[in-house]
Amino acid sequence: MTDDPKTLVSTEWLAKHLKDPDLRLLDASMYMPADDRDCEAEYNAAHIPGARFFDIDEISDARSDLPHMAPPVEKFMSRMRALGVGDGHQVVVYDSAGLFSAARVWWLFKLMGKDDIAVLDGGLPKWKAEGRAIEDMAPIPRDRHMTVRFKNQLVRDVTQVAHASKLGSPQIVDARSAPRFRGEAPEPREGLRSGHIPKSLNVPYDVLLNDDKTLKSPDETRQIFEAAGVDLGKPVITSCGSGVTAAILALALERMGHNDWSLYDGSWAEWGMFPTVPVATGDA
């Protein structure tokens, strides 16, 4: 793969740059509640040297009833300062699933106007499989000022998505599994209807990943999106269950040079809850 410090870097790249003074490494592991795993405890037991723990559920909008919505700018800045992450840093984010929640944090940084962030391809599993160093000591962070320029164009709310659904533009692409998209499988969160946003298309996030949870090549990714009916000459809104795997689609789009995308932050956790918005079932 070609390393790109603004989208995706390899374990080889990280090993080479691990001790760079301006590198900041974040462990953004998270799981669904049903998985019954404690990501912070797992981080404390074993993480890549120098990594700080990024708590996606805590660094979120506490005013919202929806899960891990993007935090207010001030909260993001204060939490990053506490982690010792700020202006002039190259950030690399990974997770313990390979490529799952790390892309969400990549999107959050992009949303805040920070472009020097990349996801570690294959994450912690690939790093460990290669026999690379891990540690159980958290680094001592030093405050660093962060300048934020919020990019409204990278996020969409339910009203904007409803408008796109009605008009058929921008295209809405759903990262959930095909059975959930078609309404054949129940949602993992209680109280949500089954199905998908009308006129949306389905690209399950896992079809973009290789067996080792690395991201497929830009050419393979392009073919997958096109096979799902996505017109890569037009803008895309990515969606999923709660705005996490939608970011994997966004990362894949960005990596192949499709920069006209945004993410529906509320995703199905919001859409599936509202009785007033339409739900489609079956194929797109």
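You'll find the structure just up there.
Small disclaimer: the values here were computed from a predicted structure and weren't measured.

Definitions and cut-offs
- Along each chain, residue indices are assigned from 1 in the same order as the chain's sequence is written.
- Confidence filtering applies because this is a predicted model: local features only for residues at pLDDT of at least 70, side-chain atom pairs given and counted only at 80 or more, and all residues used for totals across whole chains, interfaces and linings.
- Neither water nor hydrogens contribute to the side-chain values; these are computed over all heavy atoms in the structure.
- In DSSP terms, a helix is any run of H or I states spanning at least four residues, a strand is any run of E spanning at least two, and both are numbered starting from the N terminus.
- Throughout, radius of gyration means the C-alpha value; the globule benchmark is 2.2 Å times the number of residues raised to the power 0.38.
- Buried means the residue's accessible area, taken with a 1.4 Å probe over protein chains only, is under 20% of the maximum for its type, while exposed means over 50%, and partly exposed covers the values in between.
- Two cysteine sulfur atoms form a disulfide, by the criterion used here, when they sit within 2.5 Å.
- Salt bridges are identified by distance alone: a Lys or Arg side-chain nitrogen within 4 Å of an Asp or Glu carboxyl oxygen.
- Each pair of strands is called paired provided DSSP finds at least two bridges between the two strands.
- Here, two residues are considered to be in contact whenever any of their heavy atoms come within 4.5 Å of each other.
- Throughout this description, a polar contact denotes any pair of N or O atoms lying within 3.5 Å of each other; where both atoms belong to protein, one of them has to be capable of donating a hydrogen while the other can accept it, and for residues adjacent in sequence the pair is counted only when both atoms sit in side chains.

Caption draft 1: The overall build of the protein, seen in detail. When helices and strands are counted, the protein shows 10 helices and 10 strands. Against the compact-globule benchmark of 19 Å for 284 residues, the protein has a radius of gyration of 18 Å, which places it among compact chains. With the principal axes as the frame, the protein shows a C-alpha extent of 50 × 40 × 35 Å. Looking at the protein residue by residue over its 284 residues, the buried ones come to 54%.

Caption draft 2: Molecular detail of the state of the cysteines. Tallied over the entire structure, the rule returns zero disulfides. Cys240 provides the cysteine sulfur closest to Cys39, a residue in no disulfide bond, and the two sulfurs are 16 Å apart. Among the residues examined, Cys39 registers a relative accessible area of 11% and is labelled buried.

Caption draft 3: Summary view of the pattern of salt bridges. By the definition in use, this model includes 21 salt bridges. Salt-bridge contacts for Glu254 lead to Lys110; the nearest nitrogen and oxygen are separated by 3.4 Å. Of this pair, Glu254 sits in helix α9 (residues 246–255) while Lys110 sits in helix α4 (residues 102–111), placing them 144 residues apart in sequence. Exposure class is identical for Glu254 and Lys110. Each is buried. In this structure, Arg222 and Asp219 form a salt bridge, with 3.2 Å as the shortest nitrogen-oxygen distance. Placement of the pair is Arg222 and Asp219 together in helix α8 (residues 218–227), with a separation of three residues, close to one helical turn. Looking at Asp219, the relative accessible area reads 52%, which means it is exposed. Linked through salt bridges whose partners overlap, the residues forming this network are Glu12, Lys126, Glu130 and Arg132.

Caption draft 4: Focus on the pairing of strand β7 (residues 171–174). Side chains Gln171 and Val173 project from β7 onto one buried face, and the interleaved Ile172 and Asp174 project onto a second face that is buried too. Relative to strand β9 (residues 236–239), β7 is paired through four bridges, and the arrangement is parallel. Bridge assignment links Ile172 to a residue of β9, and that residue is Ile237. Bridging between β7 and strand β8 (residues 201–202) involves two bridges; their strand directions are parallel. Its bridge partner lying in β8, Asp174 is registered against Asn202.

Caption draft 5: Broad picture of the sheet that holds strand β5 (residues 117–120). With parallel pairing, five strands are arranged side by side in an open sheet as β1-β5-β4-β2-β3. Bordering the open sheet on either side are β1 (8–9) and β3 (52–53), each of which pairs with just one other strand. Pairing of strand β2 (residues 23–27) with β3, which is carried by two bridges, proceeds in the parallel orientation. Of the residues in β3, the one forming a bridge with Asp27 is Phe53.

Caption draft 6: Quick look at helix α3 (residues 73–83). Within α3 the residues assigned to the buried category are Lys75, Phe76, Met77, Met80 and Leu83. Check the buried side of α3 and you find it contacts β2, β3 and α4. Positive phi appears at Gly84, one or two residues downstream of α3, with a value of about 75 degrees.

Caption draft 7: Spatial organisation of the side chain of Lys114. For Lys114, the location among the structural elements is in the loop between α4 and β5. In terms of polar contacts, Lys114 uses its side chain to reach the side chain of Asp87, at 2.8 Å. Ignoring any residue separated from it by four or fewer positions in sequence, one finds Lys114 in contact with Asp87, Phe109, Met146 and Thr147.

Caption draft 8: Layout of the environment of Ala103. Looking at the element boundaries, Ala103 is found in helix α4. Using a relative accessible area of 0% as the deciding quantity, one classes Ala103 as buried.

These figures come from the coordinates and say nothing about function on their own.
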